[in-house]
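Coordinate inspection notes
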Amino acid sequence: MYKLLTLSLLSLTLTLLPLTSKSQEKEPVVLIETNMGNLKAKLYNDTPLHRDNFIRLAKSGHYNGTLFYRVVKNFVVQGGSSDSRNAIAGQAIGYGKGVTIDAEIKPHHYHKKGALAAPRQPDRVNVFKESDIAQFYFVVGKKYTPEELDKIEKSINNPIKKAIQKKYYTPEKKAILDTLRAQKKVPEFRAIAEKIKSDINFEWENNTDKLYMDDEKRKAYTTIGGVHHLDKEYTVFGELIEGFDVLDKIAALPTDRQDRPFKDVRIISVKIIK
């Protein structure tokens, strides 16, 4: 018995070791050199498809000479499209080969200012939310007040709650409860009422569409800002760690009707430095 227990514990230890090692793996850091300054970002290890794809493209020189071609005030700065290289003024940009990569949307990666994420085609033609193979964007966003975040949560969550309540507290169930109440059948009333309440609570707790902002997310959105409504819709695979002043300079550039800056913001190179 002792030997079996020892072997089991040893097996468990060996099984956990790779997981511990993987979780402590250093996140790659990339340096994006532009004609307006440098941006340094880290890539998340728990979005490996996007991480490895970005590194592959950087090493191949794909980004060299491309533009940050889309700049939207209080929103995002987007670039990396191959057709932006040597693009003439007024040229429509961002219509590449339509190659995609599987989504890696994680609830703990959200669109705070500086978040590095992948754009994609809309849901009507892209139901699995697959990312563009090469393009990327940095979030600029805006700062929210706590009251604004409360309002946003309620505007999303209240309709979901009402729909769940309507599903279980039906007119038929209400009629039964009203009859039991009138007949003063307390145990029967409580049994049905508790079941309805339990079903509502269970579905609410397991609903993935509801919006919940923990303290960390609230702090980020109220102090540095972001774009909350992009959360759970696009893959965030990294974040800016240096160069917020450069991001702000790019975001402040005047743009044409297609959101392209009148002054080209050119990516000179993207290097993996760690």
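Keep in mind that this is a model prediction, so the values were computed, not measured.

Comments concerning the overall build of the chain
Assigned secondary structure in the chain consists of seven helices and 10 strands. Taking 19 Å as the expected radius of gyration for a compact globule of 274 residues, we find that the chain reaches 25 Å, considerably beyond that expectation. Summarising its shape, the C-alpha atoms of the chain cover approximately 80 × 65 × 35 Å along the three principal directions. Across the chain, every contact between residues at least 6 apart in sequence was considered, and the portion connecting residues at least 24 apart equals 73%. Put simply, the chain shows about 16500 Å² of open surface, and 57% of that area lies on carbon and sulfur atoms. Side-chain charges in the chain split into 46 positive and 35 negative, and the spacing between the mean points of these groups amounts to 1 Å.

With respect to the domain arrangement of the chain
Examined at the domain level, the chain breaks down into domain 1 (29–142 + 225–272) and domain 2 (147–206). Between the C-alpha centres of domain 1 and domain 2 the distance comes to 44 Å.

Side note on the confidence of the model for the chain
Per-residue confidence for the chain averages 90 on the pLDDT scale, and 91% of its residues sit at or above 70. Overall, residues 1–23 carries pLDDT values under 50, and its contacts beyond four positions in sequence, including any with other chains, amount to zero contacts.

Considering the packing of helix 4 (residues 171–182) against helix 5 (residues 186–205)
Direction vectors running N to C along helix 4 and helix 5 enclose 155 degrees, while the axes themselves pass 9 Å from each other. Judged on the interaxial angle alone, helix 5 and helix 4 are roughly antiparallel. Where helix 4 crosses over helix 5, the handedness of that crossing is left-handed. In contact with K173, I176, L177, L180 and R181 of helix 4, helix 5 contributes E188, F189, I192, A193 and I196. Considering only residue class, the contact of helix 4 with helix 5 consists of seven nonpolar, no polar and three charged.

A look at the side chain of N157
Mapped onto the secondary structure, N157 falls in helix 3 (residues 146–168). Those residues within four positions of N157 in sequence are excluded, and the remaining contacts are W204, K210 and L211.

A few points about helix 3
If you check helix 3, its first and last C-alpha atoms are 33 Å apart, about what 23 residues at 1.5 Å a residue would give, namely 33 Å. Taken as a whole, helix 3 carries its principal kink of about 30 degrees at N157; the proline P159 stands between one and four residues after it. For helix 3, the secondary structure elements touched by its buried residues are helix 4, helix 5 and helix 6 (215–223).

Looking at the sheet that holds strand 4 (residues 76–79)
If you walk across this open sheet you meet the eight strands as 3-4-8-6-9-2-1-10, and the pairing is antiparallel. At either end of the open sheet lies a strand with only one pairing partner, and these are strand 3 (70–71) and strand 10 (267–272). Here strand 1 (residues 29–34) runs beside strand 2 (residues 37–43); their pairing, made up of six bridges, is antiparallel. Within the sheet, the bridge partner assigned to L31 lies in strand 2 and is K40.

With respect to the environment of D264
Looking at where D264 falls in the secondary structure, it is placed in the loop between helix 7 (244–251) and strand 10. On a C-alpha basis, the gap between D264 and I250 in space is 9.8 Å, while along the polypeptide they are 14 residues apart. At 3.1 Å, the side chain of D264 and the side chain of R260 are in polar contact.

The rules we used
- Residues numbered from 1 in each chain as written.
- Predicted model: local features only at pLDDT ≥ 70, side-chain atom pairs only at ≥ 80, totals over all residues.
- Heavy atoms only, no water.
- Helix = DSSP H or I, 4+ residues; strand = E, 2+ residues; numbered from the N terminus.
- Rg over C-alpha atoms; globule rule 2.2 N^0.38 Å.
- Contact = heavy atoms within 4.5 Å.
- Areas by Shrake-Rupley, 256 points an atom, 1.4 Å probe, with all protein chains shown as cover.
- Lys, Arg positive; Asp, Glu negative; His and termini not counted.
- Charge placed at Lys NZ, Arg CZ, Asp CG, Glu CD.
- Domains from an automatic or database assignment.
- pLDDT = per-residue confidence, 0-100.
- Axes fitted to C-alpha atoms, helices over the stretch in contact; angles between N-to-C directions.
- Parallel < 35°, antiparallel > 145°, perpendicular 65-115°, else oblique.
- Left-handed = near helix turned anticlockwise from the far one by under 90°.
- Nonpolar A, V, L, I, M, F, W, Y, C, P; charged D, E, K, R; others polar.
- Expected span 1.5 Å × (residues − 1).
- Bend = angle between axes of the 7 residues up to and from the residue.
- Pairing = 2+ DSSP bridges.
- Polar contact = N/O pair within 3.5 Å; in protein donor to acceptor, adjacent residues only side chain to side chain.

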